[in-house]
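Understanding the architecture of this molecule
For reference, the chains in residue letters:
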Amino acid sequence: MQEGFCEKNKIPLFKAHSTATNLLSRITFLLLEEFCLSITLHGTLVEVFGVGVLIQGESSVGKSEAALGLIERGHRLISDDVVRVKKKEGSYLVGSGPELTRHLMEIRGIGIINVAHLYGAVCVRPDKGLDIVVKLEEWDDKHFYDRVGLDDKFIDVLGVSVPYHVLPVKPGRDVVLLLETIALNHRLKDMGYNSAKEFNAKLLEVIARRQKKRVVHEARS
Amino acid sequence: MKLVRKVKVKNPLGLHTRPAAAIVRLLQPRKSSVFFTYKEETINARSIMSILMLAAKKNSQIVVTIEGEDAELTMEHLVRAFDQEFGEKK
C-alpha cells in the first residue's frame with residue numbers, strides 16, 4: 001500500500017531491516033557526519049608518532065619531499081596536497097584525502113607515485129585527527145624565528161585553535177628530523193611536560209635563590 | 001588585482017593528468033595566486049594533485065580566481081590553454 005502511495009506521489013521510500021532504535025541512531029550518526037563543517041586545505045597530512053601533522057607552505061617549498069622522508073622513516077601518509085578537514089562533534093578536527101588521489105604523491109622530477117604500492121599498506125591511513133599545523137617557509141634572514149618556544153602559537157581551523165609552528169627551511173636543515181621533533185614535543189606537552197616552561201621555572205628558581213642569598217649576605221655585612 | 005572568470009573544459013577527455021601538468025607548468029613563472037572552484041570545491045591551481053582531484057569532465061565550468069600583480073596576463077594565458085584544449089585539439 002505504501003509503495004503504491006509513494007510511487008503515485010513520487011516520494012522516495014526506504015526500507016530497512018533493523019529495529020527503529022538502531023536505525024535512528026545510525027541515521028543520526030550518518031547525518032551528523034554528512035553535515036558537519038568541512039574545508040579543503042592545501043597541504044600534506046601525515047601521522048608522525050601518532051600525531052596528525054598538517055604540513056603547509058608555498059608551492060615547491062618541499063612539503064611532499066618532507067612527507068616522503070617521514071614515510072620512509074615509518075610514519076604514515078593520509079593525504080598529499082589536498083586535505084579535507086571535517087569538524088567533528090566535540091570540536092575536534094579530522095583530515096582525510098579525496099578518494100581519487102588517495103595515497104598518491106607528486107614529487108618534482110619523478111612524477112606521480114603511489115605510496116601505498118611503494119612502501120606498503122603500513123605507511124598509509126585513510127584519516128587522522130588534525131593535531132598540529134606546521135608551515136614550511138623559505139629561510140628569511142630578516143625574520144625572527146621562535147628561539148625559545150615559551151609562547152604557543154595557534155591557528156584557527158573551522159573555529160578550532162590548532163597549535164601552529166613556522167618552520168624555516170634551508171639547505172642543511174633536516175626537515176624530516178625537525179618535523180619528528182615537533183611531533184614528539186607536542187606529545188610531551190600533551191603529557192603535561194613543556195620543556196621550555198619547565199626550564200624557565202627552574203631558571204627563575206635559581207635566580208630567586210641567588211637573590212635570597214644576596215639579601216642574607218647584605219644583612220650580615 | 002583580483003580577477004574572477006568562468007572557463008569551460010573543452011577537450012574531450014576532461015582535466016586529466018596531461019592538462020593538469022600543462023596548467024601547473026604555465027603557472028610556474030607567474031606570481032599571482034590561482035584558484036579553481038568546481039562543484040563547491042576550491043583548490044590551488046598550482047598543485048597537480050588538487051586539479052586531478054576535481055576530475056572535471058568535458059563541458060564543465062570552472063571558476064578561476066586569480067589574485068596578484070600579473071593577474072591579467074595569467075588569466076589570458078590560462079584561458080588560452082583551456083580554449084586550445086591543452087594542445088589536444090586535432
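Let us look at the structure shown here. Everything numeric in this text was worked out from a predicted model, so none of it was measured.

Let's talk about the packing of aromatic side chains
All names here are of chain B. This model, assessed by the stated rule, comprises three aromatic pairs over all chains. On the basis of an interplanar angle of 65° and a centroid distance of 6.1 Å, the ring pair of Phe-36 and Phe-82 is categorised as edge-to-face. Pair noted here: Phe-36 is in strand β2 (residues 33–38) and Phe-82 is in helix α3 (residues 71–83), with a separation of 46 residues, a long-range link. Phe-36 gets classed as buried once you look at its relative accessible area, which sits at 0%.

Describing the interface of chain A and chain B
Every contact between the two is made by 15 residues of chain A and, on the other side, 12 residues of chain B. Both faces combined, the contact of chain A with chain B buries some 1,100 Å², and carbon together with sulfur accounts for 67% of it. Summed over the shared surface of chain A and chain B, the result is one salt bridge. Where chain A touches chain B, the interface holds three residue pairs in polar contact (both at pLDDT 80 or more). Those elements that place two or more of their residues in the side of chain A that touches chain B are β1 (38–42), β5 (82–88) and β7 (104–107) of chain A. Here the side of chain A that touches chain B takes three residues from β7(A), the largest share from any one element. Residue composition of the side of chain A that touches chain B, by class: six nonpolar, four polar and five charged.

Describing the sheet that holds β2(B)
Residue and element names in this part refer to chain B. The sheet built from four strands is open, its strands ordered β1-β4-β2-β3 with antiparallel pairing. The open sheet is flanked by β1 (2–8) and β3 (41–44), the only strands paired with a single partner. Between one strand axis and the next, the sheet turns through 25° on average, direction left out of account. Bridge analysis of β1 against strand β4 (residues 61–67) gives seven bridges, and the strand direction is antiparallel. Along β4, the bridge assignment pairs Lys-8 with Gln-61. Sitting on the sheet, α3 is in contact with β1, β2 and β4, with an inclination near 5° to β1.

Reading guide: rules and limits
Along each chain, residue indices are assigned from 1 in the same order as the chain's sequence is written. All chains are assigned letters beginning at A, and all ligands numbers beginning at 1, according to the order in which they are written. It should be noted that, the model being predicted, local features are given only for residues of pLDDT at least 70 and side-chain atom pairs only at 80 or more, the latter also being counted only at that level, while totals for whole chains, interfaces and linings use all residues. Calculated side-chain values reflect all of the structure's heavy atoms, with hydrogen atoms and water omitted. Note on ring pairs: Phe, Tyr and Trp rings are taken, using the six-membered ring of Trp, and paired if centres are within 6.5 Å. Classes follow the plane angle, with under 30 degrees stacked, over 60 edge-to-face and the rest tilted. Helix and strand assignments come from DSSP, with helices taken as H or I runs of at least 4 residues and strands as E runs of at least 2, each series counted from the N terminus. Residue exposure (1.4 Å probe, protein chains only): buried if accessible area is under 20% of the type maximum, exposed if over 50%, otherwise partly exposed. Every residue pair with non-hydrogen atoms within 4.5 Å of one another is taken to be in contact. We define buried area as the total accessible area lost by two parts upon association, computed with a 1.4 Å probe and summed across both. Salt bridge, as applied in this entry: a Lys or Arg side-chain nitrogen positioned within 4 Å of an Asp or Glu carboxyl oxygen. Polar contact criterion, stated in full: a pair of N or O atoms within 3.5 Å, where within protein one must be able to donate a hydrogen and the other to accept it, and residues adjacent in sequence count only if both atoms are side-chain atoms. Each residue receives one of three labels: charged for Asp, Glu, Lys and Arg, nonpolar for Ala, Val, Leu, Ile, Met, Phe, Trp, Tyr, Cys and Pro, and polar for the others, Gly being one of them. A strand pair is defined by DSSP finding two or more bridges across the two strands. Fitted lines through C-alpha atoms give the axes, limited to the stretch in contact for helices. The angle between two N-to-C directions lies from 0 to 180 degrees.

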